[in-house]
Amino acid sequence: MKSTILTFVFALFFIQIAMAQQSNEEQTLIKLSNDKWQWMSDKDVTKLDALFDAKSKFVHMSGTWKKDEELDIIKTGRIWYKKATVKDTAVEISGNTAVVWNRITLDAVVREQVAVTEFTVTEVYQKNGQDWKLLALTFSSVRDTHQIKH
């Protein structure tokens, strides 16, 4: 009987540790995603270059491109991500892969035109050693009432 209770207690302990680690990873990814929005606003292509995987892809309303073009678009201001107001975030982690969904209002300047757009943005990350690298970022235009299901 004692061994059964002891086994149960240890199992609960290890489950709590695993859940806490997952929660820490989720918080790390949320912070990284938020930092990314700020770096995009600041046109900090040095930090973005380190975050974006060499094979990363970006899907926008007007097209799809790879890392180098996304960095050039940000650097030159062809799209200026002035401010992303994050309204809701969800994170799911599976092994070394994570998906972050952000529901945002994006204030941007696109080809010298001011644009305020509601998006759900899907970001796919992969853990490489201790670092997370962004593999894909997709903007989906949505209504303001859209909700991310957790």
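Summarised in this report is the structure supplied together with it.

So, how was this worked out
Note that residues are indexed from 1 along each chain, following the sequence as it is written. At least 70 in pLDDT is required for a residue's local features to be given in this predicted model, at least 80 for side-chain atom pairs to be given and counted, and no such filter applies to totals for whole chains, interfaces and linings, which use all residues. No hydrogens and no water enter the side-chain calculation; it runs on all heavy atoms of the structure. Helix numbers and strand numbers start at the N terminus; a helix is a DSSP run of H or I with at least 4 residues, a strand a run of E with at least 2. Only protein chains enter the accessibility calculation, which uses a 1.4 Å probe. A residue is then buried if its area is under 20% of the maximum for its type, exposed if over 50%, and partly exposed in between. Should any heavy atoms of two residues lie within 4.5 Å, those residues are counted as being in contact. Per-residue accessibility takes into account occlusion by the displayed protein chains alone, with areas from the Shrake-Rupley method and a 1.4 Å probe. Buriedness of a pocket was judged along seven lines, with at least five required to meet protein on both sides within 12 Å; pockets are open sets of points on a 1 Å grid over the protein atoms alone, cavities are sets where a 1.4 Å probe fits but cannot get out, and lining residues have an atom within 4 Å of a point. Grid points are joined across faces, edges and corners, and a volume is the space filled by probe spheres set on the points. Here the nonpolar group is Ala, Val, Leu, Ile, Met, Phe, Trp, Tyr, Cys and Pro; Asp, Glu, Lys and Arg are the charged ones; every other residue, Gly included, is treated as polar. Here a Phe, Tyr or Trp ring, Trp counted by its six-membered ring, pairs with any other such ring whose centre lies within 6.5 Å, and the pair is stacked when the planes are under 30 degrees apart, edge-to-face when over 60, and tilted otherwise. Think of it as a cone above the ring: NZ of Lys or CZ of Arg counts as a charge over the ring if it is within 6 Å of the ring centre and within 35 degrees of the ring normal. A pair of strands is treated as paired once DSSP finds two or more bridges between them. For every element, the axis is a line fit to its C-alpha atoms; helices are fit only across the contacting stretch, and the angle between N-to-C directions ranges from 0 to 180 degrees. The definition of a polar contact used here is a pair of N or O atoms within 3.5 Å, where within protein one atom must be able to donate a hydrogen and the other to accept one, and adjacent residues in sequence count solely through side-chain atom pairs. Salt bridge, as applied in this entry: a Lys or Arg side-chain nitrogen positioned within 4 Å of an Asp or Glu carboxyl oxygen.

A few words now on the overall build of the protein chain. For the protein chain, the helix and strand inventory stands at three helices and six strands. For the protein chain, the N- to C-terminal ordering of α and β elements is α-α-β-β-α-β-β-β-β. For the protein chain, the proportion of its 150 residues judged to be buried stands at 33%. For the protein chain, the share of sequence-separated contacts (at least 6 apart) that also reach a separation of at least 24 residues comes to 50%. Of the roughly 9,400 Å² of accessible surface on the protein chain, 54% is carried by carbon and sulfur atoms.

Let us now look at the layout of surface pockets. Over the atoms a probe the size of a water molecule is rolled, and this reveals where empty space is left. Size it by volume and the largest pocket reaches roughly 220 Å³. Of the residues in the lining of the largest pocket, the class split is nine nonpolar, three polar and one charged.

What the rule picks out here adds up to four aromatic pairs. A centroid spacing of 6.1 Å and a plane angle of 65 degrees characterise the contact between W37 and F139, whose relative ring orientation is edge-to-face. Highlighted residues: W37 in helix α1 (residues 2-42) and F139 in strand β6 (residues 131-141), separated in sequence by 102 residues. When the ring of F119 is compared with that of F139, the centres are 4.9 Å apart and the planes differ by 65 degrees; the resulting orientation is edge-to-face. Of this pair, F119 sits in strand β5 (residues 113-128) while F139 sits in strand β6, and the two are 20 residues apart along the sequence. Relative accessible area serves as the criterion here: at 6%, F119 is assigned to the buried category. Here the aromatic residues W37, Y81, F119 and F139 are joined through ring pairs into a cluster of three or more. The ring centre of W37 lies 3.2 Å from the NZ or CZ of K36, which sits over that ring. It is K43 that lies over the ring of W80; its NZ or CZ is 5.0 Å from the centre.

This part is about the sheet that holds strand β4 (residues 97-110). Two modes of strand pairing occur in sheets, parallel and antiparallel, and in both the strands are linked by backbone hydrogen bonds. Spatially, six strands are ordered β2-β1-β6-β5-β4-β3 in an open sheet, and the strand pairing comes out mixed. The strands lining the two open edges of the sheet, one partner per strand, are β2 (63-66) and β3 (79-94). Sheet twist, expressed as the average angle between the axes of neighbouring strands with direction ignored, equals 20 degrees. When strand β1 (residues 52-60) meets β6, the two strands line up parallel, connected through four bridges. Across the sheet, residue F58 finds its bridge partner in β6, namely L137. Contacts from helix α3 (residues 67-76) reach β1, β2 and β3 within the one sheet, and its direction differs from that of β1 by about 65 degrees.

Moving on to the environment of T120. Considering the arrangement of structural elements, one finds T120 in strand β5. Here T120 falls in the buried class, since its relative accessible area comes to 8%.

The next point concerns the side chain of S56. Within the fold, S56 resides in strand β1. Polar contacts involving the side chain of S56 include one to the main-chain carbonyl oxygen of D53, which spans 2.8 Å. Those residues in contact with S56, other than ones at most four positions away along the chain, are W65, K66, K67, L134 and L135.

Turning to the pattern of salt bridges, a few remarks are in order. Across all of its chains, the model carries seven salt bridges by this definition. E123 is the salt-bridge partner of K36, the closest N and O atoms lying 3.3 Å from each other. Here K36, found in helix α1, pairs with E123, found in strand β5; they are 87 residues apart in sequence, far enough to count as distant. E123 shares its class with K36; the two are buried. For K47, the salt bridge identified is with D44, shortest N-O distance 3.9 Å.

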